[in-house]
Amino acid sequence: MCSQALQHPVVTRFAPSPTGRMHAGNIFSYLYAWLFTKRHGGKVLLRIEDLDNTRSRASYADQIKQDFEMLGLYWDGEVLIQSQRNEAYTKAFETLKQLGLTYPCFCTRADIHAASAPHAGEQLVYPGTCALLTPSQQSARLQELGQEGRSPSVRIKIGSETIGFHDLLQGEQSYSCKDECGDFVIRRSDGGYAYQLAVVVDDAEQDVNLVVRGADLLASTPMQIYLQQLLGLGQPSYAHVPLICTQDGRRIAKRDHDASLDELLSQYKTIEGVLGHIAYITGLIESDQAMSAQDLLKSAHLSAVEGVRKIPWR
Ligand code: GLU
């Protein structure tokens, strides 16, 4: 990986969502983050991203911590837990509100689907419907919703500018905010803060200067850079690692049990067997052999995944 844009000392983070057991794809991105950072003498912090209170479980968070230890991917320092950080997110939210860039959104997912132009990426681009409501329409909708005991989500307006950045693994990136992101949610209709806002606030709080994560989050990066700019926060460097996919090209998810850590352990017998197999199929090592994280620190070819977006699981 090209290290020209790195800030020193390197500080990265593992940011798991505690919604299930780790799988091959998560393990690969954590392994890569750890190897890269440790080779540069940096720190790896841990943050539990448990803002989705319908899917997050404390038991998964405990399991994930044990899995990191078992994998030999040790983190440095205190664990930051997003569900305990509401005050910091509220502060950032209020700052954005004062900039006059936020508005309540009453659309359902189905409304957005119906009004969106077909889009190549997985991301649904919001067509801006609720930005056009007049103040009196807005208060009428707020009142209606309030009577049903519900609240709107809150979106932030995005301009027509292009946001570009250099990804350490995927190269130059450029996004037209209007066409590829659209105005995006910073507070959900259940009152919880959205991932895009929380991640930016927390990366700054933890002094993270390198974000290493799966390439499925590449398209979230311009939204995060936009928020960093509005909030006056520093911009970390980004490295998006290839996604491990099923043979038909779909990203491996927690429901794909054959790639879950449990299943991997029963198939490859030891943690070293699992890590070695993952390092092998991603091209970090040349033969399928058992390797610990420490062994891989010495011998993995980290540049093997430069420019790669997807790797089929086998
Ligand atoms: N919590 C996200 C996940 O587990 C990662 C978010 C990030 O790295 O920015 O997929």
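None of the values given here were measured: they were computed from a predicted structure.

## Structural notes on the overall build of the chain
Here comes step 1: Helix and strand counts for the chain come out as 11 helices and 12 strands.
Here comes step 2: At 20 Å, the chain has a C-alpha radius of gyration in line with the 20 Å of a compact globule built from 314 residues.
Here comes step 3: Overall size of the chain, expressed as C-alpha extent along the three principal axes, is 65 × 40 × 40 Å.
Here comes step 4: Burial statistics for the chain: of 314 residues in total, 51% are counted as buried.

## As for the packing of aromatic side chains
Here comes step 1: Under the defined criterion, the tally for this structure stands at 10 aromatic pairs.
Here comes step 2: Aromatic side chains Y30 and F68 sit 4.9 Å apart centroid to centroid with 65° between the ring planes, which places their arrangement in the edge-to-face category. With a gap of 38 residues between them, Y30 in helix α1 (residues 24-39) and F68 in helix α2 (residues 58-71) connect regions that are remote in the sequence.
Here comes step 3: Of the residues examined, Y30 reaches a relative accessible area of 11% and is grouped as buried.

## Some thoughts on unusual backbone geometry
Here comes step 1: Put simply, H8 and P9 share a cis peptide bond, and its omega is -10°.
Here comes step 2: Along the chain, P9 falls in the segment before β1 (11-14).
Here comes step 3: Despite not being glycine, D207 has its phi angle at roughly 55°, a positive value.
Here comes step 4: Inspection of the secondary structure assignment puts D207 in the loop between α7 (195-205) and β9 (210-214).
Here comes step 5: Phi angles above zero are rare outside glycine, and K269 is one such case at about 70°.
Here comes step 6: By secondary structure assignment, the location of K269 is in the loop between α9 (261-268) and α10 (271-281).

## Examining the sheet that holds strand β8 (residues 184-187)
Here comes step 1: Read across the open sheet, the 3 strands follow the order β4-β5-β8; overall the sheet is antiparallel. This sheet does not close on itself; its edge strands, each paired only once, are β4 (102-105) and β8. Looking at each pair of strands side by side, their axes are set apart by 45° on average, direction ignored.
Here comes step 2: Across 4 bridges, the pairing between β4 and strand β5 (residues 153-156) is antiparallel. Pairing of C105 across the sheet is with S153, part of β5.

## Some remarks on the site of the ligand
Here comes step 1: In the vicinity of the ligand, the contacting residues are R13, A15, P16, S17, E49, Y195, V199, R213 and L217.
Here comes step 2: Between E49 and the ligand, the recorded distance is 2.7 Å, taken from a side-chain N or O atom to a nitrogen atom.
Here comes step 3: Here R213 contributes a side-chain N or O atom positioned 2.9 Å from an oxygen atom of the ligand.
Here comes step 4: Calculation on the ligand without its partners gives an accessible area of 300 Å², and the protein chains cover 80% of this total.
Here comes step 5: Taken together, the residues of the shell around the ligand sort by class into 5 nonpolar, 1 polar and 3 charged.

## Here we look at the pairing of β1
Here comes step 1: Neither face of β1 is open: one carries V11 and R13, the other T12 and F14, and all of them are buried.
Here comes step 2: Both β1 and strand β2 (residues 43-48) contribute to a ladder of 4 bridges, which runs parallel. Bridging across to β2, T12 finds its partner in V44.
Here comes step 3: Note on the crossover from β1 through α1 to β2: the handedness is right-handed.

Rules and cut-offs
- Per chain, the residues get numbers from 1 upward, laid out in the order the sequence is written.
- Totals for whole chains, interfaces and linings use all residues, but because this is a predicted model, local features are given only for residues with pLDDT of at least 70 and pairs of side-chain atoms are given and counted only at 80 or more.
- Hydrogens and water molecules were not included; the side-chain quantities draw on all heavy atoms of the structure.
- Under the scheme used here, helices are H or I runs from DSSP no shorter than 4 residues and strands are E runs no shorter than 2 residues, and both carry numbers assigned from the N terminus.
- For this measure, only C-alpha atoms enter the radius of gyration; the expected value for a globule follows 2.2 Å times N^0.38, where N is the number of residues.
- Three exposure classes are used, based on accessible area relative to the maximum for each residue type with a 1.4 Å probe and protein chains only: buried under 20%, partly exposed in between, and exposed over 50%.
- Under the pairing criterion, centres of Phe, Tyr and Trp rings, with the six-membered ring standing for Trp, must be within 6.5 Å; the plane angle then separates stacked pairs below 30 degrees from edge-to-face pairs above 60, leaving the rest tilted.
- Two strands are said to pair when DSSP picks up at least two bridges between them.
- Angles here are taken between N-to-C directions and fall from 0 to 180 degrees, while the axes themselves are lines fitted to C-alpha atoms, restricted in helices to the stretch in contact.
- A single heavy atom is enough: if one lies within 4 Å of a molecule or strand, its residue is considered near that molecule or strand.
- We define a polar contact as two N or O atoms separated by no more than 3.5 Å, with the added condition that, inside protein, one atom must be a possible hydrogen donor and the other a possible acceptor, whereas residues neighbouring each other in sequence contribute only through side-chain atom pairs.
- Computed with a 1.4 Å probe, the accessible areas rest on the Shrake-Rupley method; for each residue, only the protein chains presented here act as cover.
- Note on residue categories: nonpolar means Ala, Val, Leu, Ile, Met, Phe, Trp, Tyr, Cys or Pro, charged means Asp, Glu, Lys or Arg, and polar means any other residue, Gly included.
- Orient the strands so they point away from the viewer; a crossover is then right-handed if the path from the first strand over the helix to the second runs clockwise.

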